[in-house]
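Observations on the three-dimensional arrangement
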Amino acid sequence: MSVAEDIVLERVQETEPSPQVTAALSYIVPTAEKPHSYMYEPPPGIPKLSASYQQHATVIRSMRPIADRLSLDVQGFRLLEHRSAVGNFYSDDEVRERHYGEIADLVIAATGAKRVHVFDHTVRRRIDDGDASRPRREPVPRVHIDYTVKSGPQRVRDLLPDEAEALLRRRFSIVNVWRPIRGPLEDAPLALCDAQSVSPGDLIASDLIYEDRIGETYNVRHNPAHRWFYAPRMTRDEVLLFRCYDSLEDGRARFVPHAAFQDPTASVNALPRESIELRMLVFY
């Protein structure tokens, strides 16, 4: 069966009813100019963020009823069970020494990849408790994708310069692995968009301006055809794998829009979100 035939089959299966919520997702408002975001304090008179965003009420379905049928090649994401040996996700040293390896093994098993190179991680907390040993970065509420057709291959050149040209001659992906640090997570869960519902024209390349380089991500324009999913009440022993880039252009998932959102069914005593995400190059 071809990749295209597999995709048609999965779309039929996804029509089965599943629990859902309606929540606001923040999409970019397109303009004639390329959007930019400064990752440091910009020069006087230049806005740090040039884009504006508009919230759209969106149906976000639970992926749990179809979790065993989700595919990185079709929808672009999967929900998996994974118990980590990490005791303190706020310890960069422990995360690098333990978590990078265990997640690389998980991704190899899930994808059949020959090699995985974990290159960074980010811990996010929605509430600042004043503890300087626990760095804080907010969940991102804007619909976005971490890499583009340009910046995906460039990441390989940046990270593995001596091997890059040989590696870029074969298929590779950039995959994120995301988990709650504590759960069950109700506050600001992660929503993922079925890659097959995304049109190329929905993706708006945007500059990330650093002091020493310019990166590129996709913002996303609203399209009512988008199909959104999340995993309600995720635990520390569950992870979401999702694809931010794939070099193949044969109909399989290449880019997965994602965003944090406010779940209207969250309890009033829900724990503020704490999460960790790892990013990796995946070579086949």
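So, here's what we can say about the structure.

Procedures and definitions
Residues numbered from 1 in each chain as written. Predicted model: local features only at pLDDT ≥ 70, side-chain atom pairs only at ≥ 80, totals over all residues. Heavy atoms only, no water. Salt bridge = Lys/Arg side-chain N within 4 Å of Asp/Glu carboxyl O. Helix = DSSP H or I, 4+ residues; strand = E, 2+ residues; numbered from the N terminus. Buried < 20%, exposed > 50% of the residue type's maximum accessible area, 1.4 Å probe, protein only. Bend = angle between axes of the 7 residues up to and from the residue. Contact = heavy atoms within 4.5 Å. Pairing = 2+ DSSP bridges. Axes fitted to C-alpha atoms, helices over the stretch in contact; angles between N-to-C directions.

Some thoughts on the pattern of salt bridges
- Inspection of the entire model under this criterion finds 24 salt bridges.
- In this structure, the salt-bridge partner of Asp 207 is Lys 34, at a minimum N-O distance of 2.8 Å. Of this pair, Asp 207 sits in strand β9 (residues 203-209) while Lys 34 sits in the loop between β1 (20-28) and β2 (36-38); the two residues are 173 residues apart in sequence, bridging distant segments of the chain.
- You can call Lys 34 partly exposed: its relative accessible area is 40%.
- A salt bridge links Arg 157 to Glu 165; the nearest nitrogen and oxygen atoms lie 3.5 Å apart.
- Several salt bridges converge on common partners, so that one network encompasses Asp 73, Arg 171, Arg 243, Asp 246, Asp 250 and Arg 252.

Digging into helix α2 (residues 92-111)
- At His 99, α2 shows its largest kink, close to 35°.
- If you check which residues of α2 are buried, you get Glu 94, Val 95, His 99, Tyr 100, Glu 102, Ile 103, Ala 104, Leu 106 and Val 107.
- For α2, the secondary structure elements touched by its buried residues are β4 (77-81), β5 (115-125), β7 (172-180), β12 (238-246) and β14 (274-283).
- Residue Gly 112 follows α2 closely and has a positive phi angle near 75°.

Regarding the sheet that holds β7
- If you walk across this open sheet you meet the five strands as β4-β12-β7-β14-β5, and the pairing is antiparallel. Edge positions in the sheet fall to β4 and β5, since each has one partner strand and no second. In this sheet, adjacent strand axes meet at a mean angle of 25° when their direction is disregarded.
- For β7 and β12, the ladder comprises six bridges, and the chain directions are antiparallel. Bridge pairing links Ile 174 to Tyr 245 in β12.
- The sheet strands contacting α2 are β4, β5, β7, β12 and β14, and the helix crosses β5 at an angle near 125°.
- Helix α3 (residues 151-159) rests against β5, β7, β12 and β14 of the sheet, and its axis sits at about 90° to β7.

Considerations on α3
- Among the residues of α3, Ser 151, Gly 152, Pro 153, Arg 155 and Val 156 are the ones counted as buried.
- The elements touched by buried residues of α3 are β5, α4 (164-167), β7, β10 (214-220), β12 and β14.

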